[in-house]
Amino acid sequence: MDVLKIKGGKSLQGQIKAAGAKNAMTKLLVASLLSDKKCTFYNVPNIGDVEITVNLCREIGSEVKWDKKTQIIEIATPELKTSYVPQRYSGSNRIPILMIGALLGRTDEDIIVPTIGGDLIGSRPVDLHIHALQKLGARIEYREMKKEGAYFAQAHQGLKGAIITLNYPSVGATENTILAAVRAKGTTLIKNAAIEPEIIDLILFLQKLGANIMVDVDRTICIQQAHQFQEVEHTVMADRNEVASYAMAAVSTKGRIFIEGAEHLHMIAFLNKLRELGGGFHVKQNGIEFFYEKELRGGIHLETDVHPGFMTDWQQPFVVLMTQAHGSSVIHETVYENRFGYTNTLKDMGADIELFTQCLGGKACRFASSDHHHSLVVKGPTPLKAKDISIPDLRAGFAYVMAALLVPEVSTISNVDFLDRGYENLVAKLTSLGADITRVALPKKGSQEKSKAALQSLVTKSSEIDIPTATV
């Protein structure tokens, strides 16, 4: 296990290049399983979640060449070796459940996937996935195994297009339904679908592959059965989470950075709130420059939402940014009910944050009459102090890094594997911007090396296991 040592107090200055989007690349790899043709991807991020997904595809039968230096992946799946996703992928991320949609049209065998993982930020049920796939003709059931359980899915009679209305515009359920609908007979309509940029990127890829897909008004996506597939070349969109993260780090440290490849269209909601807070930015032809322009002012009200709203993944570092702004600000989290757990550590570092179970906002919220702390008030500016920190999830992890960059003393951050999942070359990029940050390997205890972190064990191929288990 490695830790980060960060001595803050320096403003970030310089230029970096945006990596390919984690939430696009992992889904594109799964989508490539729909056909037996070669797919070539450019701007591939070298991160943990991509490595996990590559190994998962290899388990299924994919032939993969990944040149990490040139950021290119070539993948083809001429035939499926298996339709069983092994137990060790249980809890790794949320990709295994998408295998159902991708494989239903390619095999008559039972598809077996472990229950999903991902960050512990609130309830992330798969009922929307299952109901949508069942409408297309799939049979899906959850079975308890010796230890835990797995999902079994099949479509022996084939899939057939249907009209599917999602109760909530879930990104994962929309993606799973699109993947299955590409091979379903006839036409499928997904109403109240998610329309995040990463989903549009997926649709662009699938159109190149051979699918007919249209995004209509009122969050409706129309998919017609694909009858023929072809080889594809596709450049992965920039990671808007990474762009926003470094932008907020630069503004909070009173710095100025240029992020090459940052895409204006995907950042509109973020840029509006950044400007409202007093942060500066210039949109240029090949990226966006972010800078500290004047004293940051609070008094803003922010509500997270599905796209085109303010991303839930942006709010953790934005809270850190608001600790440096004058006045009180409000955040209402409407996407996940348990996403404010990270604030306890920020409070220990000196942040003035108060949590509320009430909806402090006007957006319709699924958590309105619950006991979940899903609203907060943050007051600033407050000086932060150094602390030894353990990262609980990916986005909270960057918020802690950002907070540490504001403290002149040394902070130690552990569980950095969470950051490896989603941030490419984090230490190198921050160092290039002038940050005093190092990654240190903790000393080994005893003569035998300890078991590696969960992420490393997942990306390293291990022996085949007979019984798939998972955690619900």
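Parameters at a glance
- Residues numbered from 1 in each chain as written.
- Predicted model: local features only at pLDDT ≥ 70, side-chain atom pairs only at ≥ 80, totals over all residues.
- Heavy atoms only, no water.
- Disulfide = S-S within 2.5 Å.
- Buried < 20%, exposed > 50% of the residue type's maximum accessible area, 1.4 Å probe, protein only.
- Axes fitted to C-alpha atoms, helices over the stretch in contact; angles between N-to-C directions.
- Helix = DSSP H or I, 4+ residues; strand = E, 2+ residues; numbered from the N terminus.
- Parallel < 35°, antiparallel > 145°, perpendicular 65-115°, else oblique.
- Left-handed = near helix turned anticlockwise from the far one by under 90°.
- Contact = heavy atoms within 4.5 Å.
- Nonpolar A, V, L, I, M, F, W, Y, C, P; charged D, E, K, R; others polar.
- Phe/Tyr/Trp six-rings, centres within 6.5 Å; stacked < 30°, edge-to-face > 60°.
- Lys NZ or Arg CZ within 6 Å of the ring centre and 35° of its normal.
- Pairing = 2+ DSSP bridges.
- Salt bridge = Lys/Arg side-chain N within 4 Å of Asp/Glu carboxyl O.
- Polar contact = N/O pair within 3.5 Å; in protein donor to acceptor, adjacent residues only side chain to side chain.
- Patch = residues over 30% accessible without salt bridge, like charges linked within 9 Å, V, L, I, M, F, W, Y side chains within 5 Å.
- Areas by Shrake-Rupley, 256 points an atom, 1.4 Å probe, with all protein chains shown as cover.
- pLDDT = per-residue confidence, 0-100.
- Core = buried A, V, L, I, M, F, W, Y, C linked by side-chain atoms within 4.5 Å.

A. Representation of the state of the cysteines in the model. With the rule as written, the count across this model stands at 0 disulfides. Between Cys359, a cysteine without a disulfide, and Cys365, which holds the nearest cysteine sulfur, the sulfur-to-sulfur distance is 3.8 Å. The partly exposed category is assigned to Cys359, whose relative accessible area is 26%.

B. Region of interest: the packing of helix α1 (residues 22–31) against helix α6 (residues 197–209). Relative orientation of the contacting elements α1 and α6 amounts to 30 degrees, with a least axis distance of 9 Å. Taken together, the axis directions place α1 and α6 in an arrangement best described as roughly parallel. Helix-helix and strand crossings are classified by hand; for α1 and α6 the assignment is right-handed. Between α1, through Asn23, Ala24, Lys27, Leu28 and Ala31, and α6, the contact on the second element is made entirely by Glu198, Asp201, Leu202, Phe205, Leu206 and Leu209. Considered class by class, the residues forming the contact of α1 with α6 number 7 nonpolar, 1 polar and 3 charged.

C. Quick peek at the environment of Leu406. Looking at the element boundaries, Leu406 is found in the loop between α11 (394–404) and β22 (410–414). On the basis of relative accessible area, Leu406 is assigned to the buried category, the value being 17%. The spatial distance from the C-alpha of Leu406 to the C-alpha of Leu384 is 6.9 Å, given a sequence separation of 22 residues. Look past the residues within four positions of Leu406 in its chain and what remains in contact with it is Gly9, Ser252, Thr253, Val320, Gln324 and Leu384.

D. Broad picture of the packing of aromatic side chains. For the structure shown, the criterion picks out 8 aromatic pairs. Taken together, a centroid distance of 5.2 Å and an interplanar angle of 80 degrees make the contact between Phe310 and Trp314 edge-to-face. Each member of the pair, Phe310 as well as Trp314, is classed as buried. Positioned over the ring face of Phe152 is Arg143, at 3.9 Å from the centre of the ring. Sitting above the plane of the Tyr168 ring, Arg366 keeps its charged end 3.9 Å from the centroid.

E. Layout of helix α4 (residues 127–135). Within the sequence span of α4, burial applies to Leu128, His129, Ile130, Ala132 and Leu133. Next to the buried residues of α4 lie α3 (98–103), β7 (139–144), β8 (149–154), β9 (163–165) and α5 (171–181).

F. Representation of the pairing of strand β14 (residues 256–260) within the structure. Pairing analysis gives 5 bridges linking strand β2 (residues 13–17) to β14, with the strands arranged parallel. Looking at β14, one finds that Ile16 is bridged to Ile259. Direction of pairing for β14 relative to strand β16 (residues 287–292): antiparallel, over a ladder of 5 bridges. Bridge pairing in β16 places Ile259 opposite Ile288.

G. Layout of the pattern of salt bridges. Per the stated rule, a full pass over the model turns up 16 salt bridges. Lys429 serves as the salt-bridge partner of Glu242, at 2.7 Å between the closest nitrogen and oxygen. You can see Glu242 sitting in helix α7 (residues 240–252) and its partner Lys429 sitting in helix α13 (residues 426–432), a full 187 residues away along the chain. You can call Glu242 buried: its relative accessible area is 2%. A residue is classified by how much of its surface remains accessible, and Lys429, at 9% relative accessible area, is buried. The shortest N-O distance in the salt bridge between Arg256 and Glu289 comes to 3.3 Å. Of this pair, Arg256 sits in strand β14 while Glu289 sits in strand β16, placing them 33 residues apart in sequence. Taken together, the salt bridges that share partners define one network made up of Asp2, Asp420 and Arg439.

H. The arrangement of the side chain of Lys27 in detail. Checked against the element boundaries, Lys27 lands in helix α1. Classification of Lys27 as buried rests on a relative accessible area of 13%. Among the polar contacts listed, one links the side chain of Lys27 to the side chain of Glu175, at a separation of 2.9 Å. Discounting chain neighbours no more than four positions away, the residues touching Lys27 are Ile95, Leu98, Val171, Glu175 and Leu202.

I. Structural context of the packing of helix α8 (residues 268–277) against helix α9 (residues 315–322). Interhelical geometry of α8 versus α9 gives an angle of 10 degrees and a closest axis separation of 12 Å. Our classification of the angle between α8 and α9 gives roughly parallel. When α8 is examined against α9, the residues Phe270, Lys273, Leu274 and Leu277 are found in contact with a partner set consisting of Phe318, Leu321 and Met322. Residues of the contact of α8 with α9, tallied by class, amount to 6 nonpolar, no polar and 1 charged.

J. Looking closely at a nonpolar patch on the surface. A contiguous nonpolar surface patch, about 210 Å² in accessible area, is contributed by Ile200, Leu204 and Val215. If you trace the backbone, Ile200 turns up in helix α6.

K. Representation of the sheet that holds strand β3 (residues 39–42) in the model. Pairing is mixed across the open sheet formed by 4 strands, whose spatial order is β4-β5-β3-β13. The strands lining the two open edges of the sheet, one partner per strand, are β4 (63–67) and β13 (232–235). Sheet twist, expressed as the mean angle between neighbouring strand axes with direction ignored, is 15 degrees. Note: β4 against strand β5 (residues 72–76), 5 bridges, orientation antiparallel. Residue Asp67 lies in a different strand from β5, and its bridge partner there is Ile72.

L. Up close: the confidence of the model for the protein chain. The predicted model of the protein chain averages 90 in pLDDT, with 90% of residues at 70 or higher. This model gives residues 447–455 a pLDDT under 50, and the stretch forms 9 contacts once residues within four places in sequence are excluded.

M. Representation of the nonpolar core in the model. Grouped together as the largest cluster of nonpolar side chains are 79 residues, with contacts concentrated most on Phe41, Ile73, Met99, Ile100 and Leu206. Look past the residues within four positions of Phe41 in its chain and what remains in contact with it is Met25, Leu28, Leu29, Gln71, Ile72, Ile73, Ile75, Phe205, His234 and Val236. Residues Ala250, Ile259, Ile353 and Ala403 belong to the second largest nonpolar core, which totals 71 residues.

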